[in-house]
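Chain by chain, the residues:
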Amino acid sequence: MGWDTILFDLDGTLTNPKEGITKAVAAALAHFGIHEDPDNLTSFIGPPLPESFIERYGFDEDQILVGIEKFRDYFTRQGWAENIPYPGIDALLAELRSAGKRLLIATSKPEPFAVQILEHFGMAGYFDRICGAPMEEQQGARKADVLRKALADVPDLNRAVMVGDRRHDVAGAHETGLACIGVLYGFGDRAELEQAGAEYIAADLAELQDLLLG
């Protein structure tokens, strides 16, 4: 292994965003007269919003645009702060930096939200680059496109690895020539990650640390 550069997903990998995202989705759905318990909306965590609106509710393009607007109204107001770093993640990031690892963020979340969340929790300083979707992109960002942006000046992709919790992280990593570590403490399960082809799976932060520093 011996990776020098480690790219992290944000939601479900560094932080637990369940409350903020599911409540924001519930608010967006309520605009269309769809009333859902936020606990039933965890499948929205990870994938681009348009994909989830189509898969779960069959939204058309106009509905997607309105849904994103309503989601962001809630998320901008309070949802971004309804987010909790996983216990121990700060210590892991500090140890990785102390070991000389280069750390990058590659998230499908709009980049300004990602920066705001990481700064709020005092984690932004661990990362050389924080890359996400453009705020003006209304159709979501493909994970591979975000990864390419993050990898712009990484010379050897064999020395880089992606860490994420959903199949989209694995697919994006493979499309850009990276191996992927899937984590089970987020919102994807072992079956999803194995089916996507994750080269490594970490059940918890201790296993992730062993993979990244072992």
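Residues numbered from 1 in each chain as written. Predicted model: local features only at pLDDT ≥ 70, side-chain atom pairs only at ≥ 80, totals over all residues. Heavy atoms only, no water.

(A) Highlighting the sheet that holds strand β1 (residues 5-8). Taken together, the six strands give an open sheet; going across it, the order is β5-β4-β1-β6-β7-β8, and neighbouring strands pair in parallel fashion. Strands with a single pairing partner mark the edges of an open sheet, and in this sheet they are β5 (129-133) and β8 (200-202). Between one strand and the next, the sheet's axes are offset by a mean angle of 25°, whatever the strand orientation. Across four bridges, the pairing between strand β6 (residues 160-164) and strand β7 (residues 179-183) is parallel. Counted as the bridge partner of Met-162 is Cys-180 from β7. (Pairing = 2+ DSSP bridges. Helix = DSSP H or I, 4+ residues; strand = E, 2+ residues; numbered from the N terminus. Axes fitted to C-alpha atoms, helices over the stretch in contact; angles between N-to-C directions.)

(B) The nonpolar core, seen in detail. Counting residues in each nonpolar core, the largest one holds 29 residues, and the members touching the most others are Phe-8, Leu-14, Leu-118, Phe-127, Ile-181, Leu-208 and Leu-212. Going through the elements one at a time, β1, α4 (89-98), β4 (102-110), α5 (111-120), β6, β7 and α9 (205-213) are the ones with two or more residues in this core. Not counting chain neighbours up to four residues away, the residues in contact with Leu-14 comprise Phe-8, Asp-9, Pro-85, Tyr-86, Ile-89, Leu-93, Ile-105, Leu-118 and Phe-127. (Core = buried A, V, L, I, M, F, W, Y, C linked by side-chain atoms within 4.5 Å. Buried < 20%, exposed > 50% of the residue type's maximum accessible area, 1.4 Å probe, protein only. Contact = heavy atoms within 4.5 Å.)

Interpretation in functional terms is not warranted from these geometric data alone.
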